[in-house]
Amino acid sequence: MKGVKLSFNRRISSKDSDDFFPTPHWAVQALLVYEKFQGEIFEPACGTGNISEVLLKNHYKVLSNDIVDRGYGDKHEDFLKTNFEVANIVTNPPYNRANEFVLHALKFTRNKVAMLLRLSFLEGAQRYNDIYLKSPPAKVYVFSKRVTFMPEAIKGNSGSGPTAYAWFVWDKTRKIKTPEVRWIEPDIIDKCKQHG
Ligand SMILES: C[S@@+](CC[C@H](N)C(=O)[O-])C[C@H]1O[C@@H](n2cnc3c(N)ncnc32)[C@H](O)[C@@H]1O
């Protein structure tokens, strides 16, 4: 398939140094079954707008940026160099900068930060010290069926992905001691896939 490569962990991606893996719409809709957001939402790494479009469809006010112009978004700038405050941030960040994205998002939000991350993002002494010690997430929503990241060209493929992902949600309006782990249930996933 032209312009498509199999990456080291068997994720299929378009050839892109900025770590572009569009989130399936259903995976965003599934988050919204469990989480509500008060105020506007910033998607700082919007790609082609998959997350933003689902948020808009659910009547949220959304601001979308990305460092790369993929034909979607308000501004094309490096999120890690922006410093304006917003109510909420929801994104699937570039894997290779996920720690920085979480820390930066936590600094500039008033309410919630929701990030689609590998489940293994829970691990790591460095990450524990840098993030979780001071800022544990309020909720970790584990997908009971795996999310598969596919480029547009092979959208129809419904196979199961090789990596486990979860939505990590931080809530700055509450004092959190330890996160609650929840499952995104199979029937919710099926419903979101049907309507997404
Ligand atoms: C995993 S993709 C996800 C795209 C989109 N959030 C989605 O879920 O469909 C990561 C995106 O982060 C963008 N990106 C990478 N580094 C960035 C940075 N420093 N600031 C803003 N966007 C960045 C990439 O261009 C890419 O579109």
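Preceding this section is the structure that the text describes.
Residues numbered from 1 in each chain as written. Predicted model: local features only at pLDDT ≥ 70, side-chain atom pairs only at ≥ 80, totals over all residues. Heavy atoms only, no water.

> What is the right way to read the overall build of the chain from this model?
Each helix and strand in the chain was counted, giving 5 helices and 9 strands. Starting at the N terminus and walking to the C terminus, you meet the elements of the chain as β-β-α-β-α-β-β-α-β-α-β-β-β-α. Looking at the chain as a whole, 50% of its 196 residues are labelled buried. Within the chain, contacts between residues at least 6 apart in sequence are counted, and of these 66% link residues at least 24 apart. Carbon and sulfur atoms provide 51% of the accessible area of the chain, an area that totals close to 10300 Å². (Helix = DSSP H or I, 4+ residues; strand = E, 2+ residues; numbered from the N terminus. Buried < 20%, exposed > 50% of the residue type's maximum accessible area, 1.4 Å probe, protein only. Contact = heavy atoms within 4.5 Å. Areas by Shrake-Rupley, 256 points an atom, 1.4 Å probe, with all protein chains shown as cover.)

> Sorry, what's going on with the side chain of Asn-50 here?
One can find Asn-50 in helix H2 (residues 50–57). One polar contact links the side chain of Asn-50 to the main-chain carbonyl oxygen of Thr-23, over a distance of 2.9 Å. The residues contacting Asn-50, other than those within four sequence positions of it, are Pro-22, Thr-23, His-25 and Val-28. (Polar contact = N/O pair within 3.5 Å; in protein donor to acceptor, adjacent residues only side chain to side chain.)

> Help me understand the site of the ligand in this model?
In the vicinity of the ligand lie 25 residues, with Thr-23, Glu-43, Ala-45, Asp-66 and Arg-70 positioned nearest. One of the backbone nitrogen or oxygen atoms of Ile-67 is found 3.3 Å away from a nitrogen atom of the ligand. Burial of the ligand by the protein amounts to 98% of the accessible area it has alone, namely 590 Å². Taken together, the residues that form the shell around the ligand break down as 13 nonpolar, 5 polar and 7 charged. (Near = heavy atom within 4 Å. Nonpolar A, V, L, I, M, F, W, Y, C, P; charged D, E, K, R; others polar.)

> Teacher, can you tell me more about the side chain of Ser-64 here?
Structurally, Ser-64 can be placed in strand S4 (residues 62–64). Apart from the residues within four sequence positions on either side, Ser-64 is in contact with Glu-43, Cys-46, Ser-52, Tyr-72, Gly-73, Asp-74 and Lys-75.

> What is the right way to look at the packing of aromatic side chains in this model?
Across all of its chains, the model carries 10 aromatic pairs by this definition. Ring plane angle 85 degrees and centroid distance 5.8 Å describe the contact between Phe-121 and Phe-168, whose orientation is recorded as edge-to-face. Residue Phe-121 is found in the loop between strand S6 (109–118) and helix H4 (125–132), and its partner Phe-168 is found in strand S8 (residues 165–171); the two are separated by 47 residues along the sequence. Judged on exposure class, the residue Phe-121 and its partner Phe-168 are both buried. One Lys or Arg, Arg-70, reaches over the ring of Phe-20 and ends 4.1 Å from the middle of that ring. For the cation-ring pair, Lys-112 lies above Phe-37, with the distance from its terminal atom to the ring centre recorded as 5.6 Å. (Phe/Tyr/Trp six-rings, centres within 6.5 Å; stacked < 30°, edge-to-face > 60°. Lys NZ or Arg CZ within 6 Å of the ring centre and 35° of its normal.)

> Which parts of the structure should I look at to understand unusual backbone geometry?
Despite not being glycine, His-59 has its phi angle at roughly 70 degrees, a positive value. You can see His-59 is positioned in the loop between H2 and S4. Given a relative accessible area of 75%, His-59 falls into the exposed group.

> Sorry if this is basic, but what is going on with the pairing of strand S5 (residues 86–91) here?
In the case of a regular strand, side chains alternate between the two sheet surfaces. The buried count for S5 comes to 6 of 6 residues, which makes it a mostly enclosed element. Inspection of the sheet shows strand S3 (residues 41–43) paired to S5 by 2 bridges, in the parallel sense. Paired with Ile-41 across the strands is Asn-88, a residue of S5. Judged from the 5 bridges that link them, S5 and S6 form a sheet pairing that is parallel. (Pairing = 2+ DSSP bridges.)

> Honestly, the packing of helix H1 (residues 25–34) against H2 in this entry has me stumped. Any pointers?
In helix packing, the relevant descriptors are the interaxial angle and the interaxial distance, both defined with respect to the helix axes. As a packed pair, H1 and H2 sit with axes 9 Å apart at the nearest point and diverge in direction by 45 degrees. Considering their axes alone, H1 and H2 lie oblique with respect to each other. The element H1 and its partner H2 pack so that their crossing is right-handed. Touching His-25, Val-28, Gln-29 and Leu-32 of H1 are Asn-50, Ile-51, Val-54 and Leu-55, all from H2. A per-class count over the contact of H1 with H2 returns 5 nonpolar, 3 polar and no charged. (Axes fitted to C-alpha atoms, helices over the stretch in contact; angles between N-to-C directions. Parallel < 35°, antiparallel > 145°, perpendicular 65-115°, else oblique. Left-handed = near helix turned anticlockwise from the far one by under 90°.)

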